Structure formats: structure tokens, C-alpha cells
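Here's the letter readout for the chains.
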Amino acid sequence: MVLEACVILVDNSNHSRNGDFAPNRFLSQIDSISFIAGSKIQQNRVNTVGILAMSGRRPNLVLAPTNDVGQVLIATNKIQIEGKLDLISSIEISQLSLKHRSNKEHAQRIIMFVASPLEEKKEDLEKIGSQLRKASISIDIISFGETERNEEKLSALIDNANSGDNCHLLSVPTSTGIILADQIQGSGIFSSSSGGMGGGYEGGFGGGGYAGGMVDPNVDPELAMVLQMSLEEERQRQSRLQQENNNNTNEKEGNEQKQEEKKMDLEETEESSQNSNKNENNETKEEPDMFSQLEGLTEEEQMELIMKMSLEEMGNEELEQLGIPNEEEEETEKEKDPEVQNALQDEDLVDSILLSLPGVDPENEEITETINNIKKENNDEEKDKEKKNEND
Amino acid sequence: MTEFIDLITIIDLKNSECLNSEPSQEITNILKEEEDTNFITSDTDEQLLVNIQFKQKVKVHSIIVRAEGDGTGPQLMKVFQNQFSFGFEEAQSLKPTHKFKLIKRAITEGKLIRFKMVRFSNVGSLHLFFENNLGGGKVTKIKQITVVGVPLETTNISKIQSVEEKK
């Protein structure tokens, strides 16, 4: 999770009217900008993004660096296509803007789109590359539309600006059906700086920048520890769960209970888990060890699985809070539902269900008594019904 | 007169920086209490810009710059104060408060380089621009920078007593 202040340089020269990148070069840039800004701010809420339009009477800083994605989108709408690209001045102005950034701890970065043939000399570009390196500003260039002509000059710029591989040149060749934003997303230059979190539209899961536990020990040792603990707990659940799956034959009753318990349990697990990230991590599919099972199931079934696992974790005490109402619900439902009553008669089935309920010992005297009582009641009810039928 | 001290404890290291240094090096290589083997090397060219931020206003008496005697030590040092967002462009164009031409003996032996304290009586940030080095080569190296002075009078909260306690 790198703290970054970014300025995106847009090529709004007349060369961007070209339609070789659908719908035209300018609009494909705007598209990409929304992706880039979104992913930067997703990586870290304090990251700032600004926008500068390079062409026109003079380069125009449309938006000073801000961490509000909405403002970025609004600003892109204000840009007009006009004039010719003025690369050197644009870079200098963005340098100034970054220098006066509000938080000095932010690393400085420029992201530049180039879609017009460059008229600047190679030496001038090399000079400004060194200038950027001296001011510790890293630069990423996305060259498209005029890639062959600009390749040499832009590589010279990048070479001079590069210190430790923080600058990149992405050349997107023209061919049919290419969408610029997809190319940028796929290239991974915007994930490389964040330690493995590519395409960051995951809705804040995993705390942004978390990549399977590898980043954490360096950034946040406490978080790493807690995540490790929850990982181990999950593994234990998994092994228990697999045993359960072998025993448990009837899912319907389990489902009825669980849907009602779902909401209550969700709250409990979230409270009892030491880290809210754990649950979010459960839902991301970035951890192949734990969730190879989950991948094949629908969301509902995933929820049920997770519910089962959380149920197993709860001790007797917690189960009592939920357990007592559950048993009541069980009984009332069973009374009403004839299918259930019939199922109850089957001792094997009952035993297996009891096994799946944590904290319940099937050989417990009380439980066997209650079951026998229920059976008696059912038998009595049946006899009563038969009598009534006969009478009628 | 009040004693002058090494202002290292008053330096705000988080907001201090060195421009054009090698990327892996940190400002604490040169702003530190004791002399050790760490140093700062210049990167793109031979110029170095050190921005020192203080936690409170100080008076600067003098400065010590330590470097090697092999020609990588800095020669021309321009001193600026209380600048905001100070970069190489400003360093080249603005007029410095002080200009020093360092000699080899001064940097190898760590001699005090005296400032005119009247001009440095209210310093919040100090900016040192090392424009070239003694040997004329492409790389400048600095081992340690020590700023000597005294912090300005501020309210010492621990000494505030309520009137009743005195009785």
C-alpha cells in the first residue's frame, strides 16, 4: 500500500480525434482514466489523483490532486479537444503541482497518455527525464496511436527518469477491437506498484493491497498475526466440515434452521472474529487453500457452508442462547410438518442430525428422552387422527 | 549566553528530506546523533539538496558537514531558510541567506562552520544546497550533517504551577 500523489496527463490534441481506438482516442483515454483513478484510490483512500490537459493554448491543470473519485470523473468531462501537444511544459506544470501536494509523505507519480506524434527533440526529453528523477517523481507513459514514431523518444525519457524500475512505458499497438482501458488493466503496471492487487474493484474486500498474506508481515505485523490465526481456525473448520458432510444426509431441515439462524449467527461471527477482514477475506477468492470447496457453489450455498463452519465454532454457552429457541422452533415445525414427523421416526436420521449439531451429545440421556417423548406424541397424534377418521 | 546544543533532537525527521539522493538511502543517514558508516550519495548528478524541518523555531549558530577527503565531498554550499516546497529550481534561482565554499579540512575534521546568527534567529526550516563537489566528479557524498544552535524560548508547561501549590 504505497501512499501516492498522481497527476494524469491527458492528450487532448487534435490527433486524439482519430477513431482507430473506439470510439476515438480521446474518449478511450477518459475511459482509462476512470479505471486508473479508481484503482489508485482503492489501493489507499489517502492517495490523490489530479488531471492535466496537455494541449490547447497552454497546459491546463483541470483538477488539482484529490482523493475524490467523483471529482475526477466530473473533471474529465470538462476537457475539450484542441491544439497540439506541449509535452515539456505539461510535465513541468505537473511537477509543480506535485511539489505543492498537501501531504509530503506521498510518493510523486505522473501518468501520461501520448497519442500524437512528438515534435520535441530527444535531448530535451532526456533532460526532462533526468529532472524528474532528481525530484524523485516516477512516470508511466501510455503510448498509443503513434507508437512507432514515438517509441524511441519515449524510451529515452523513461530510461532517464527510471530509478529502480519505478517508471514504465506501455505501448499499445493499433489493431481492431482493442479497448485501451482493457489493455491498461491487463498490463498490470498499476498493480505492480501496489503489491499484487490488480483491477481493484473488489469493493474494499481484503483491506486493499492484501495479497494472500505475503505483504502483511512487512506492513502490519499485528494484522498478519491475526489473519494467520483465523486461517488456522478455518482449516480446522474445514476438516470438521468434511466429516460432517459425510454424515449429514438430509439438508432440508438443516437449511430451515440455518436460514433463521443465519442472521443472528452472522452478527455473532463478525463480533467474535478478531478481525473483520477475516470474513471479507473469506468471501474473496484469493486464498486457494481454504476455499477450493466454495468455488463450485452458488452464493447461497457458500453462505450455508460458512454458516455451518461458524456454528461448529460456537461453544455450548453460545449455543444455549440460540440453542433453546432453536429446539423450540424445531419442535413446533416438526409438529406442523408431517414429512418432518415421518423423518423423525427414522432413528438413524435423527442420530445423524444430532451429530451435526455441535455441543450435542447424542447419547445424552435428556436428549434420548425428549426424542422418545416426541415419538410418543407423534404416535399418539396419529392414533387420534385415525380414530377421528374412523369416527367420521 | 545560553548553551548551544546539537539540534538533532529538534529536527522533524519525518518532514525532512534529501533530494537527488540514491533511492534506497534515507535522511537519517546524515541526520543522526553519532557518526557511523552511513552516508548519502548523489544520484543523477553531483548536486544535493537537504531540506531540514525543525519541530520548533530555532536559532542556528553553526553547522558541521562531514565527508570524505577523496574529492566526493561538497564544495559550494548555499543556505536558505523558511522556504516552502523547496526544490532545485528554487535553489538555483533564489538568493541564499548564506553562501559557503567548504574546504577539505573543514569537512574531514568536522569543523564548525559559523553562521551569522542574527540572520538565523527564527528558523523553522533550513535548506542546504550543495551545488558541486571538491573533485568535480559526478558523485557527491556526505557522511553527516550536524546543526548547532538553540531552540527559541517557548512556554515550558511543566513549570506552570497553580498559585495554591506555591503556598
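Predicted model, so just to flag it, every value in this text is computed and none were measured. (Residues numbered from 1 in each chain as written. Chains lettered and ligands numbered in written order. Predicted model: local features only at pLDDT ≥ 70, side-chain atom pairs only at ≥ 80, totals over all residues. Heavy atoms only, no water.)

Some details on the confidence of the model for chain A
Mean pLDDT over chain A stands at 75; residues scoring 70 or higher make up 64%. Contacts from residues 192-215 of chain A, a stretch scored under 50 in pLDDT, to residues over four places away or in other chains number 46 contacts. (pLDDT = per-residue confidence, 0-100. Contact = heavy atoms within 4.5 Å.)

Here's the deal with the pairing of strand E6 (residues 98-101) of chain B
All names here are of chain B. Side chains of E6 alternate between two faces, with His98 and Phe100 buried and Lys99 and Lys101 left unburied. As paired strands, strand E5 (residues 76-81) and E6 are joined by 4 bridges and run antiparallel to one another. Paired with methionine 77 across the bridge in E6 is phenylalanine 100. (Buried < 20%, exposed > 50% of the residue type's maximum accessible area, 1.4 Å probe, protein only. Helix = DSSP H or I, 4+ residues; strand = E, 2+ residues; numbered from the N terminus. Pairing = 2+ DSSP bridges.)

Let's talk about the interface of chain A and chain B
If you look at the interface, chain A gives 11 residues, while chain B gives 14 residues. Three residues, Lys99, Arg133 and Lys134 of chain A, lead the burial of chain A against chain B; their summed loss comes to 54% of the area buried on that side. Along the contact surface separating chain A from chain B lie 4 salt bridges. For lysine 99 of chain A, the salt bridge is made with glutamate 90 of chain B, and the minimal N-O distance between the two is 2.7 Å. Counting across the interface, chain A meets chain B through 8 residue pairs in polar contact (both at pLDDT 80 or more). Sorting the residues of the side of chain A that touches chain B by element identifies helix H3 (87-99) and helix H4 (122-134) of chain A as the ones contributing at least two each. For the side of chain A that touches chain B, the leading source of residues is H4 of chain A, giving 4 residues. Class assignment for the residues of the side of chain A that touches chain B results in no nonpolar, 6 polar and 5 charged. (Buried area = accessible area lost by both parts, 1.4 Å probe. Salt bridge = Lys/Arg side-chain N within 4 Å of Asp/Glu carboxyl O. Polar contact = N/O pair within 3.5 Å; in protein donor to acceptor, adjacent residues only side chain to side chain. Nonpolar A, V, L, I, M, F, W, Y, C, P; charged D, E, K, R; others polar.)

Quick look at the side chain of lysine 99 of chain A
Checked against the element boundaries, lysine 99 of chain A lands in helix H3. What makes lysine 99 of chain A buried here is its relative accessible area of 16%. At a separation of 2.7 Å, a polar atom in the side chain of lysine 99 of chain A contacts the side chain of glutamate 90 of chain B. Excluding anything up to four places from it in sequence, lysine 99 of chain A contacts Lys104 and Gln108 of chain A together with Ser85, Gly87, Glu89 and Glu90 of chain B.

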